[in-house]
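The residues making up each chain are set out below.
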Amino acid sequence: QKFALRGQFDKAAKAYEQILALEPAAVNLRQKLAELLIKCSRNDDARKELETIGKHFSKNGFYLKAIAVYKQLQKLFPADISLSMTLAELNEKHGLVANSLSEYKRIYEFHEKAGNIPEALSILDRMQNVDPQNIPIKIKLAEAYVQRGKKEESYAVFAKTAYLLLERSDNATFSNLCDR
């Protein structure tokens, strides 16, 4: 702590690394080490520590803490789509539907832009499973199936969507869906 207070982050990081070698299960010390590694611009080393912390929290059911750690990682590595997938899954496990859908949307757009259509369809399907009552997601999935020549899958999703719209008495949207 003295090294960190003096701004000697490299020395502080080395001291924490030595402590963690003796006490590898100390998550709070690992968190401090990760913060110091970021200050030292050792982002790859910080990533290893943060992923260890995130996995620990996730494994023990502390999803909000794990989400906070992975959000920190996402700020360090914004182009890494695997972090978005982890965040989507953690948000889904914790019941944070909107956050989960937001992360899945980011992943879907990434795969769609990259031309990886099977993976994009898989993500749309996951989004539908997270929020089965979400009409726009269902319609997008059904239309994506049509574009890929998967008529039976498309018809099944359109039919489920139509049924939901009838249950909600949303006749205008139902009429538009029937036109499609």
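Residues numbered from 1 in each chain as written. Predicted model: local features only at pLDDT ≥ 70, side-chain atom pairs only at ≥ 80, totals over all residues. Heavy atoms only, no water.

(A) Region of interest: the overall build of the protein. Along its length, the protein carries eleven helices and zero strands. Computed over the C-alpha atoms, the radius of gyration of the protein is 22 Å, more than 25% above the 16 Å expected from 2.2 N^0.38 for a compact globule of 180 residues. Reported as C-alpha extents along the three principal axes, the dimensions of the protein are approximately 70 × 30 × 25 Å. Within the protein, counting contacts between residues at least 6 apart in sequence, those at least 24 apart form 37% of the total. Carbon and sulfur atoms provide 52% of the accessible area of the protein, an area that totals close to 10,900 Å². (Helix = DSSP H or I, 4+ residues; strand = E, 2+ residues; numbered from the N terminus. Rg over C-alpha atoms; globule rule 2.2 N^0.38 Å. Contact = heavy atoms within 4.5 Å. Areas by Shrake-Rupley, 256 points an atom, 1.4 Å probe, with all protein chains shown as cover.)

(B) Here's a closer look at the pattern of salt bridges. Using the criterion set out here, one finds eight salt bridges in the structure. For the salt bridge of Arg47 with Asp80, the shortest nitrogen-to-oxygen distance reads 2.3 Å. Of this pair, Arg47 sits in helix α4 (residues 43–59) while Asp80 sits in the loop between α5 (63–76) and α6 (81–94); the two residues are 33 residues apart in sequence, bridging distant segments of the chain. Taking the relative accessible area as the measure of exposure, Arg47 reaches 17% and is therefore buried. (Salt bridge = Lys/Arg side-chain N within 4 Å of Asp/Glu carboxyl O. Buried < 20%, exposed > 50% of the residue type's maximum accessible area, 1.4 Å probe, protein only.)

(C) Up close: the nonpolar core. Ranked by size, the top nonpolar core spans 26 residues in total, and within it Tyr104, Ile107, Ile123, Leu124, Met127, Leu141 and Leu177 carry the most contacts. Elements that contribute at least two residues to this core include exactly α6, α7 (97–114), α8 (117–130), α9 (135–147) and α10 (151–168). The greatest single-element share of this core, amounting to seven residues, is contributed by α9. Within the second largest apolar cluster, 14 residues are counted, among which are Val27, Ala34, Ile67 and Phe77. (Core = buried A, V, L, I, M, F, W, Y, C linked by side-chain atoms within 4.5 Å.)

(D) Local environment of unusual backbone geometry. Although it is not a glycine, Ser41 sits at a positive phi angle of roughly 60 degrees. Using a relative accessible area of 64% as the deciding quantity, one classes Ser41 as exposed. At Ser169, a position not held by glycine, the phi torsion is positive, near 60 degrees. By the secondary structure assignment, Ser169 is in the loop between α10 and α11 (171–179).

(E) Highlighting the packing of aromatic side chains. All told, the structure shown has one aromatic pair when counted by the stated rule. On the basis of an interplanar angle of 85 degrees and a centroid distance of 6.4 Å, the ring pair of Phe57 and Phe62 is categorised as edge-to-face. Here Phe57 falls in the buried class, since its relative accessible area comes to 15%. Judged by its relative accessible area of 45%, Phe62 is partly exposed. We note Arg47 situated over the ring of Phe77; from NZ or CZ to the ring centre the distance is 4.7 Å. (Phe/Tyr/Trp six-rings, centres within 6.5 Å; stacked < 30°, edge-to-face > 60°. Lys NZ or Arg CZ within 6 Å of the ring centre and 35° of its normal.)

(F) Spotlight on the packing of α5 against α6. Where α5 contacts α6, the axes come no closer than 10 Å and their chain directions differ by 160 degrees. Between α5 and α6, the angle falls in the class roughly antiparallel. Judged by the sense of rotation from one axis to the other, the crossing of α5 with α6 is left-handed. Contacts between α5 and α6 involve Tyr63, Leu64, Ala66, Ile67, Tyr70, Lys71, Leu73 and Gln74 from the first element and Leu83, Ser84, Thr86, Leu87, Leu90, Asn91, Lys93 and His94 from the second. Split into classes, the residues belonging to the contact of α5 with α6 amount to nine nonpolar, five polar and two charged. (Axes fitted to C-alpha atoms, helices over the stretch in contact; angles between N-to-C directions. Parallel < 35°, antiparallel > 145°, perpendicular 65-115°, else oblique. Left-handed = near helix turned anticlockwise from the far one by under 90°. Nonpolar A, V, L, I, M, F, W, Y, C, P; charged D, E, K, R; others polar.)

(G) Examining the packing of α9 against α10 more closely. Where α9 contacts α10, the two axes come as close as 8 Å, and the packing angle between them is 155 degrees. Here α9 is positioned roughly antiparallel relative to α10, judged by the angle of their axes. When you trace α9 past α10, the crossing you get is left-handed. Seen from α9, the contacting residues are Ile135, Lys138, Ile139, Leu141, Ala142, Glu143, Tyr145 and Val146; seen from α10, they are Glu153, Ser154, Val157, Phe158, Thr161, Leu164, Leu165 and Arg168.

Everything listed is a geometric property; what it means functionally is a separate question.
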